[in-house]
Structures are given as C-alpha cells and as structure tokens.
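Residue-level structural notes
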Amino acid sequence: MNLGLYLEGMKELNQGPEQPVIELQDVSRVYGHTTKPVYALNHVSLELPSGITFITGPSGCGKSTLINLLGALDRPDSGRIRVADTWLSDLADKDIDEYRRHTVGIVFQFFHLIPTLTILENVSLPAELAGIPFKQAKAKAETLLERVDLLDRVSHRPHELSGGEIQRTAIARALINDPAVILADEPTGNLDSTASHRVMTLFRTIAGEGIASVLIASHDREMFQSGDRVLKLRDGKLDHS
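Notes on the structure follow. (Residues numbered from 1 in each chain as written. Predicted model: local features only at pLDDT ≥ 70, side-chain atom pairs only at ≥ 80, totals over all residues. Heavy atoms only, no water.)

All told, the structure shown has one aromatic pair when counted by the stated rule. On the basis of an interplanar angle of 50° and a centroid distance of 5.1 Å, the ring pair of Phe54 and Phe224 is categorised as tilted. Linking Phe54 in strand β3 (residues 52–56) with Phe224 in the loop between β8 (213–217) and β9 (229–234), this pair joins segments that are 170 residues apart in sequence. Pair check on accessibility: Phe54 and Phe224 agree, each one buried. It is Arg82 that lies over the ring of Trp87; its NZ or CZ is 5.9 Å from the centre. (Phe/Tyr/Trp six-rings, centres within 6.5 Å; stacked < 30°, edge-to-face > 60°. Helix = DSSP H or I, 4+ residues; strand = E, 2+ residues; numbered from the N terminus. Buried < 20%, exposed > 50% of the residue type's maximum accessible area, 1.4 Å probe, protein only. Lys NZ or Arg CZ within 6 Å of the ring centre and 35° of its normal.)

So, in structure tokens, the structure goes:
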C-alpha cells in the first residue's frame, strides 16, 4: 500500500464544510446530591477549529470529564455536544459504538492495549470490529505502524515494548478507522521527556497533515508549544484569566 496515497485518502475523508470540529452548547455534568451539586462541567460553551487543542487546569477541573463526554463514554446532564457532523445528543444507545469506531479515536493515559495480542493485532482489531476484512485491516495497521516507526515491532506484545512504543501503538490504533478527532487524556503522563517529545511530534504531524484534529487533556506546560491553542478549565468552567 502506498503510504502517501493512503494518507491523502485519510485527509480527504476528514475534509468537509468550514465549521468547528467540536462544539459545546451550555454543557453541564453534575455529580452528587441535588441539594449540593458538584459540577464537573458547569455550563460550558465553546467552539474548536481543526488542529491541536490543549485542555489544561488543576486536578479535578473537568479535563477528563470533557474527554469522556466527547468520546461518548459519558453523557451530559444538560446542553448539546457536536463532534464533526454528529450531535451526540441525537445518538441512540445502539449508535454509540458506531460513533466511537468512526468519528473519534481515543488515546488513554494507561493505553488499554490487549496484552495477549501482538501490536499488529491490537491496531487492526478496531478495523475488524468495524467490518473491514482481515487482510485489509492488517494492511492498514501495518501502514500506520510504519507511520509511527514501529513496523519492526509488529509481532511483539505490549509487555515487550517501552512506554513510548506502547503509546505510539495506541495512537496508531486510534487512527485505524480514520476518525475526524483524536481525544487524548494525559497521553504523556507516564512517559519520559524523550518519549513525550516523540509522541507530541506525532500528534503535530497528524494535525498538521489534516489526518485528524487532536484534543489533548494535559497539565504538561512544556507540551503546549506543540498546540494551536490552549484552553483552561477551573472548577468546571472555562478560565479566561
């Protein structure tokens, strides 16, 4: 498979009308007793264009809640959310898996690779679950693993890789179904500085080439220079200070 043609195809799939890639309209997520609510997100409205956006703020400010809502891992108590062309409030429960397979790719801090599968099998699995034939899914996985410089590790299992290599595998897996948006929750939190820099360079390439937009929840200020914008959350609200 020609890598250049494949990446151009990914870019074309993700191109559309000029509109924000992510939109929140008065979104709240509330926990606790109704007489004393705790707002993880408190009436947040925002629009995010393509590129790399960092969401930052102190622990408990709502970063992970926002990632979970955008990934349809949780639902808001009020407000509306749009990712690419999908309004999440319009999704029936039966449609959520389809949304996660095709619209967003999620990169977790603790990777969540399947330990008994090889790296190639981990990356190709979401494509197979989406109905792509095995040979085609394998070819796409190999192309992406080449992209993240892990083609020589395809037969290894997660425990045989470094933390940085595992994270790059997780990024390749997140890209396998050509999502419009990559969501990453503290993706460099468990990596050393060299591995962190390599992962951020990869995200910059993904966004810069128009393969996918990237939203990163992080407190690592050294990484912010790799982004197009930084949004701050405090006590569940956007901090404009």
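Continuing now.
What follows covers the nonpolar core. Formed by 40 residues in total, the largest nonpolar core has its most connected members in Phe203 and Ile206. Mapped by element, the contributors of at least two residues to this core are β3, α4 (119–129), α5 (134–147), α6 (163–175), β7 (181–185), α7 (193–208) and β8. When residues of this core are assigned to their parent elements, the largest contribution, seven residues, is made by α7. Excluding residues that lie within four positions of it along the chain, Ile206 makes contacts with Ile171, Leu175, Ile211, Ala212 and Val214. Counting residues in hydrophobic clusters, the runner-up holds 30 residues, among them Val44, Ile67, Ile106 and Leu183. (Core = buried A, V, L, I, M, F, W, Y, C linked by side-chain atoms within 4.5 Å. Contact = heavy atoms within 4.5 Å.)

Strands sit in the order β6-β7-β8-β3-β9-β10 across an open sheet of six strands; the sheet is mixed. Two strands bound the open sheet, and with one partner strand each, they are β6 (104–107) and β10 (237–238). Pairing of β9 with β10 involves two bridges; the strand directions are antiparallel. Paired with Arg234 across the two strands is Lys237, which belongs to β10. In this fold helix α2 (residues 63–70) packs onto β3, β6, β7, β8 and β9, with an angle of close to 145° to the strand it touches most, β7. Sheet contacts for α7: β3, β7 and β8; angle to β8, the most-contacted strand, approximately 145°. (Pairing = 2+ DSSP bridges. Axes fitted to C-alpha atoms, helices over the stretch in contact; angles between N-to-C directions.)

Glancing now at the sheet that holds strand β4 (residues 78–83). The strands making up a sheet associate through hydrogen bonds between their backbones, and the pairing can be parallel or antiparallel. Taken together, the four strands give an open sheet; going across it, the order is β2-β1-β4-β5, and neighbouring strands pair in antiparallel fashion. The open sheet has two edge strands with one neighbour each: β2 (38–48) and β5 (86–87). Across the sheet, α2 is in contact with β1 (22–31), β2 and β4; its angle to β1 comes to roughly 120°.

Bringing the environment of Arg80 into the picture now. Here Arg80 is to be found in strand β4. Arg80 gets classed as partly exposed once you look at its relative accessible area, which sits at 32%. Sequence separation between Arg80 and Asp97 is 17 residues; the distance between their C-alpha atoms is 19 Å. Within polar-contact distance, the side chain of Arg80 engages the side chain of Ser89 at 3.5 Å. (Polar contact = N/O pair within 3.5 Å; in protein donor to acceptor, adjacent residues only side chain to side chain.)

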